[in-house]
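Listed here are the chains, written in short residue letters.
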Amino acid sequence: SAYTVSVWVMVKVFSRYMRVFDFGNGAGQQNIVLLLTNNMDPKPLLYAIDYVVVHSSEPIKLNEWTHLAVSYGNGKAEFYLNGRLTGTAYIKATGSDSPKVTNSNKFGASNYGDPNSNAVISSFKIFNRVLSIDEILLHQNPIQVYVEKH
């Protein structure tokens with residue numbers, strides 16, 4: 001089914017396989033993982049059920065707030081970094097590729113024994129649909145002030 005994940009992060013120190021979240025049933029047990037680093041590469045990615053779903057072509061910067069949004073629907077996955085589309089992938093997920101129930105759901109931590117993330121995670125949201133770019137930008141810029149000139 002379709003979904004979008006939206007989250008703000010500030011990475012303090014890069015380490016191997018830093019996570020925003022790791023939802024699964026233990027190491028290698030139907031995990032869905034939003035990684036801030038792929039090994040030590042600071043380009044975030046979404047990993048699900050033993051394969052990379054989509055990754056960002058741009059890195060995260062240290063000590064700066066960064067907005068991440070990842071969406072999946074109708075076989076298309078998209079990665080947004082600070083409101084910019086930085087990754088697209090087309091995948092075909094089967095029913096066996098979707099976890100039904102997860103009982104080891106972690107934020108900033110790993111089901112695989114990797115170090116905890118040295119990052120601040122804020123405003124984590126999961127939507128049950130693919131958000132439009134306008135909706136992603138709204139979550140990326142949550143406070144907007146409109147001034148009408150007379």
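Everything below is about the structure shown above.
Since this is a predicted model, take the numbers as computed values, not measurements.

With respect to the pattern of salt bridges
Within this structure, the stated rule accounts for five salt bridges. In this structure, Arg-19 engages Asp-22 in a salt bridge whose closest nitrogen and oxygen atoms are separated by 2.9 Å. Taken individually, Arg-19 and Asp-22 each receive the classification buried, so the pair is uniform in this respect. Residues Asp-114 and Arg-19 are paired through a salt bridge, measuring 3.0 Å at the closest nitrogen-oxygen approach. Of the two residues, Asp-114 sits in the loop between β9 (104-107) and β10 (118-127) while Arg-19 sits in strand β2 (residues 19-24), which places them 95 residues apart along the sequence. Take Asp-114 and Arg-19: they sit in the same class, and that class is buried. Among the ionic contacts, a cluster of salt bridges with common partners joins Arg-19, Asp-22 and Asp-114.

Some details on the sheet that holds strand β7 (residues 76-81)
Strand order in the open sheet formed by five strands is β8-β7-β6-β1-β10, and the pairing between neighbours is antiparallel. Sheet topology places β8 (84-90) and β10 at the edges, where each strand pairs with a single neighbour. Looking at each pair of strands side by side, their axes are set apart by 15 degrees on average, direction ignored. Pairing of strand β1 (residues 3-13) with strand β6 (residues 66-73) involves seven bridges; the strand directions are antiparallel. Among the inter-strand pairings, Val-5 is bridged to a residue of β6, identified as Val-70. In the packing of helix α1 (residues 133-140) onto the sheet, the strands contacted are β1, β6, β7 and β10, and the crossing angle to β6 comes to about 150 degrees.

Examining unusual backbone geometry
Here Tyr-17, not a glycine, exhibits a phi torsion of approximately 50 degrees, which is positive. Here Tyr-17 shows up in the loop between β1 and β2. By relative accessible area, which is 25% here, Tyr-17 ends up partly exposed. With a phi angle near 55 degrees, Asn-63 is a residue other than glycine that sits in the positive phi range. Tracing the sequence through the fold places Asn-63 in the loop between β5 (51-55) and β6.

Some thoughts on α1
Those residues of α1 not exposed but buried are Ile-136, His-139 and Gln-140. Burial along α1 is one-sided: seen end-on, the buried residues are contained in an arc of 105 degrees. The elements touched by buried residues of α1 are β1, β6, β7 and β10.

Digging into the packing of aromatic side chains
Under the criterion given, the structure shown has six aromatic pairs. Both rings, one in Phe-21 and one in Phe-23, keep their centres 4.5 Å apart while their planes meet at 25 degrees; by these two values the pair is stacked. Residues Phe-21 and Phe-23 agree in their burial class; the two are buried. When its relative accessible area of 3% is taken as the criterion, Phe-21 is described as buried. One aromatic cluster is present, built from ring pairs that chain together Phe-21, Phe-23, Phe-107 and Phe-124.

Criteria and thresholds
Residues numbered from 1 in each chain as written. Predicted model: local features only at pLDDT ≥ 70, side-chain atom pairs only at ≥ 80, totals over all residues. Heavy atoms only, no water. Salt bridge = Lys/Arg side-chain N within 4 Å of Asp/Glu carboxyl O. Buried < 20%, exposed > 50% of the residue type's maximum accessible area, 1.4 Å probe, protein only. Helix = DSSP H or I, 4+ residues; strand = E, 2+ residues; numbered from the N terminus. Pairing = 2+ DSSP bridges. Axes fitted to C-alpha atoms, helices over the stretch in contact; angles between N-to-C directions. Contact = heavy atoms within 4.5 Å. Arc of directions from axis to C-beta. Phe/Tyr/Trp six-rings, centres within 6.5 Å; stacked < 30°, edge-to-face > 60°.

Everything listed here is a matter of coordinates, which is why it stays silent on function.
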